[in-house]
Amino acid sequence: MDYHYVLPVVVAGRLLISYSLHSDALLHNHQLSSPPTSYSRLQEGVYLFKNAINPYSGGLFHHSPLLLSLFSTVIPLSSAISPALWTLCDTLGAHCMVSIWRARSKLESSRRDGLIAALYLLNPYILLSSLALSTSTFENALYLLSLSFASQGSSSQALLCLAILTHLSLPSALLAAPIVMLLISGPESYLASPKAFTGDARKATRLCAEYLVYALSLTMISTVISDGWTWVPKTWGASLLLPDLTPNPGLWWYFFTEMFDHFRPFFLVVFSAHLVIYVAPLCIKFQHDPLYVTFLLQGILATFKPYPTLADPGLFLSTIALFPETYPYLRHPIVTVLLHVHASLLLPLFHHLWLGQGSGNANFFYASTLVFGMANGAALIDCAWAGLRIAFGEKVPGHEVVQK
Amino acid sequence: MLLLFPSLTRCWLRLVPFLFLLCTLCVNYAQADSAHEDAARSFFADKRSAHTNNWAVLVCASRYWFNYRHMANALGMYRTVKRLGIPDSNIILMLPDDMACNARNSFPGSVYAASGRRLDLYGDNIEVDYRGYEVTVENFIRLLTGRMDNAVPRSKRLLTDARSNVFVYMTGHGGNEFLKFQDNEEISAFDIADAFEQMWQKKRYNELFFMIDTCQANTMYSKIYSPNILATGSSELDESSLSHENDNDIGVAVIDSYTHHVLQFMEGINKTSHASMQDFFNTYDYDKIRSHAGVRDDLFKRALSDTRVTNFFGGVAQVEILGPSPLDDVSDPTEQGSMSANRPAEAVLGDDSVAARAGSLSSPTHASGASPKDEYLGTENLWDDEGHEDEPAPARWGVLRAWTGVALLGALLGSVAVR
């Protein structure tokens, strides 16, 4: 699978699909677009902005002012341009995946390049989200760009991409720690031979400070665009305060629909802190391979973030392709795959049963999101196990590796 | 005295400008206050009605198949009242509701009010609030007076206020000062009069129109003693109200004469109609109704020729569109003078207000052809298609900010890319 043949063919196929789609059904699909990533809300916000109404004064628009400025000036949102732009972002993401793989395996080109690109571009979760024109495509592309730059050692570019990603999706700020570690250590695989993390504390601090400087300057730019600070509670605040309980494949929305008001602040803190507690343990346990930390952490964020779409776990599943050394040690890949098949069938079915036909209720869809969460959790646990298991070496007959 | 105490004089003289300022402020404030009050008073001025919302209570007090026509009466009135704009939330419909699904009904699920069965009044879009055995005298009086158990839902309550015009329609079997409810009990004219008086005391209506179609109906309104009540009935004492026609396939009479006459008149009325109650009462004709329909207007303060039919039958409200400046700007006397020039526009609930304004047959002083800016001096005109001068500027600022943001972002990206 030669990369230089696969990529154009797949991209052409995707363009063909996206331009032949004439219905808006995918645009409003709750699995593919969530309130902070919805294309129709982006259109609404850009329209309001162009008509001198602050889009953040309402409760609908949760996109970053950076997207607002981009789409109201340089790139107009039109049905002719948007599919091409989204396909371009996905292509960029696929190219970054390949460059991460090449950096990790220290090869100029390999036979797996085409496979990796195809696994990203043709992953149905990612493909459908891109067809739905949800901005999670941008988030994926920025994440992969950041990782790609970090794998090549370009620290400033990596941190800038991460800063922009933070502006689009606040939970991604947690990826700063492993990416800084990645910039210091390098992307090569040390899963099989763990070593202690030797890093310059000063260099780490400098990188963190650089990331913060980029994030702050983007904040200032956003404030200039949006003429005030109203955007902060609507964009970052949306991730922390969960104002919009539109159904999505995530685990937050149902919990908070049945939450009594006086418990809400407590559980918002709990759910947000839940994301934070994974960073340190992963960074410590996998300190020999920061790229693996980033991979696992992105998977955790995809499962437990406030407004996920199918693109987030889709990215996690596609990036498994970067770690073929873990494949022999995965304990239940078939179960995970079947759980994902289950969930991907149940999610649209129960959504339709609940909101389309009206013969089901929210519990149906909630159950399917639980199955989806289980599928993601199974994948995460299996990858974490495999990443640790490699270090123990080949299977010795008559012996077994157990966790005490 | 001023010469004797020069220092005191100086003090007083210094106070004079402050006193003058105080006086002008007080006067201005009083003028502003009275300006607000004048505006409100002119809106509710004598000839126009002082109501802001409409309610209807439609009661069919008899059950059983052979009283089909009473339910058709009530449903016909329901349809008319809904068509003229009173929403379901403001209609209390009390029906025994045993006609449509009666075993004897050859057309199940339908109730017709005319032979030929062209219009199904039951349909699938009616809201019956009290049905079956809930139509009792006690519930009716509780409904009117508002003295209900806390558990009674909102849809079963008459949530009127002091500016509600209430239309009460009753039909069934009646006699001299009584009306039979469901062949079981009766309500007397005194009960109704007392219930209305309770409503008046509790400020539960602005004006009330009582219409009753039973035998000896006029006796039912003879005992009312509360103000602002207009009443009409279908027949005099010792006179029966007759049914209008039978349908040969349904097998019973489908509508009463009086109600048929009323509904026929109402078919010619729509939401923008200016027909007055006097016009309506002038159509009463013994030859058509076959009984002496009566009117009682001694308790009603307004002249019947000034009272519109839609004041009771429809949900037409008066709307006056003003801009923010005249009432707030008190220092400019010309602004105050312009308030009296504001002509109220007749707006219609549920209709496109622009269309209503363009096509309305409101008071002749309203110059519909003149530019709205001349009418509403200094007020913000909502239908002015000319762009205001300051409108492009905020939009321009927004685009400028967006471009600045994009430029800054590009600069940041560029500076990082070359590192």
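Since this is a predicted model, take the numbers as computed values, not measurements.

1. Topic: the sheet that holds strand S9 (residues 229-233) of chain B
Residues and elements named next belong to chain B.
- Across the sheet, seven strands lie side by side as S3-S2-S1-S4-S8-S9-S12; this open sheet has mixed pairing. Since the sheet does not close on itself, it has two edges, and those belong to strand S3 (130-131) and strand S12 (294-296), each with one partner.
- Strands in contact with helix H2 (residues 68-83) are strand S1 (53-60), strand S2 (91-95), strand S4 (164-171) and strand S8 (207-213); relative to S2, the strand with the most contacts, it is inclined by about 165°.
- In the packing of helix H4 (residues 189-201) onto the sheet, the strands contacted are S4, S8 and S9, and the crossing angle to S8 comes to about 160°.

2. Regarding the interface of chain B and chain A
- Opposite the 17 residues of chain B that make contact, chain A presents 22 residues.
- Of the roughly 1,600 Å² buried where chain B meets chain A, counting both sides, 77% is carbon and sulfur surface.
- Ranking the residues of chain B by area buried against chain A places B:Arg401, B:Leu409 and B:Val416 at the top, with a combined share of 33%.
- Linking chain B to chain A there are one salt bridge.

3. Structural notes on the UniProt feature "transmembrane region" (unreviewed entry) in chain A
Residue and element names in this part refer to chain A.
- In the numbering adopted here, UniProt assigns the feature "transmembrane region" (unreviewed entry) to residues 60-78, 115-137, 157-184, 211-232, 263-284, 291-310, 330-350 and 362-388.
- As annotated, residues 60-78 comprises 42% helix and 0% strand, and the C-alpha atoms at either end are separated by 20 Å.
- Along residues 211-232, the helical share is 82% and the strand share 0%, with 19 Å between the first and last C-alpha atoms.

4. Comments concerning the side chain of B:Asn67
All names here are of chain B.
- Looking at the secondary structure, you find Asn67 in the loop between S1 and H2.
- From its side chain, Asn67 meets the backbone oxygen of Arg63 in a polar contact 2.7 Å long.
- Polar contacts involving the side chain of Asn67 include one to the side chain of His173, which spans 2.7 Å.
- Those residues in contact with Asn67, other than ones at most four positions away along the chain, are Ser62, Met99 and His173.

5. Some remarks on helix H10 (residues 201-226) of chain A
All names here are of chain A.
- An ideal rise of 1.5 Å per residue puts 38 Å on 26 residues; H10 measures up with 37 Å between its terminal C-alpha atoms.
- Buried residues of H10: Leu207, Glu210, Tyr211, Tyr214, Ala215, Leu218, Thr219, Ile221, Ser222, Thr223, Ile225 and Ser226, and no others.
- Once H10 ends, the next one or two residues include Asp227, with phi positive near 55°.

6. Some thoughts on the packing of helix H7 (residues 136-151) of chain A against helix H15 (residues 290-304) of chain A
All names here are of chain A.
- Contact pair H7 / H15: the axes reach a minimum separation of 12 Å and the direction vectors enclose 170°. Put simply, H7 runs roughly antiparallel to H15. Residues Tyr143, Leu147 and Ser151 of H7 lie in contact with H15, whose contacting residues are Leu291, Thr294, Phe295 and Gln298.

Procedures and definitions
Residues numbered from 1 in each chain as written. Chains lettered and ligands numbered in written order. Predicted model: local features only at pLDDT ≥ 70, side-chain atom pairs only at ≥ 80, totals over all residues. Heavy atoms only, no water. Pairing = 2+ DSSP bridges. Helix = DSSP H or I, 4+ residues; strand = E, 2+ residues; numbered from the N terminus. Contact = heavy atoms within 4.5 Å. Axes fitted to C-alpha atoms, helices over the stretch in contact; angles between N-to-C directions. Buried area = accessible area lost by both parts, 1.4 Å probe. Salt bridge = Lys/Arg side-chain N within 4 Å of Asp/Glu carboxyl O. UniProt positions renumbered as here; feature names shortened; annotations may be inferred. Polar contact = N/O pair within 3.5 Å; in protein donor to acceptor, adjacent residues only side chain to side chain. Expected span 1.5 Å × (residues − 1). Buried < 20%, exposed > 50% of the residue type's maximum accessible area, 1.4 Å probe, protein only. Parallel < 35°, antiparallel > 145°, perpendicular 65-115°, else oblique.

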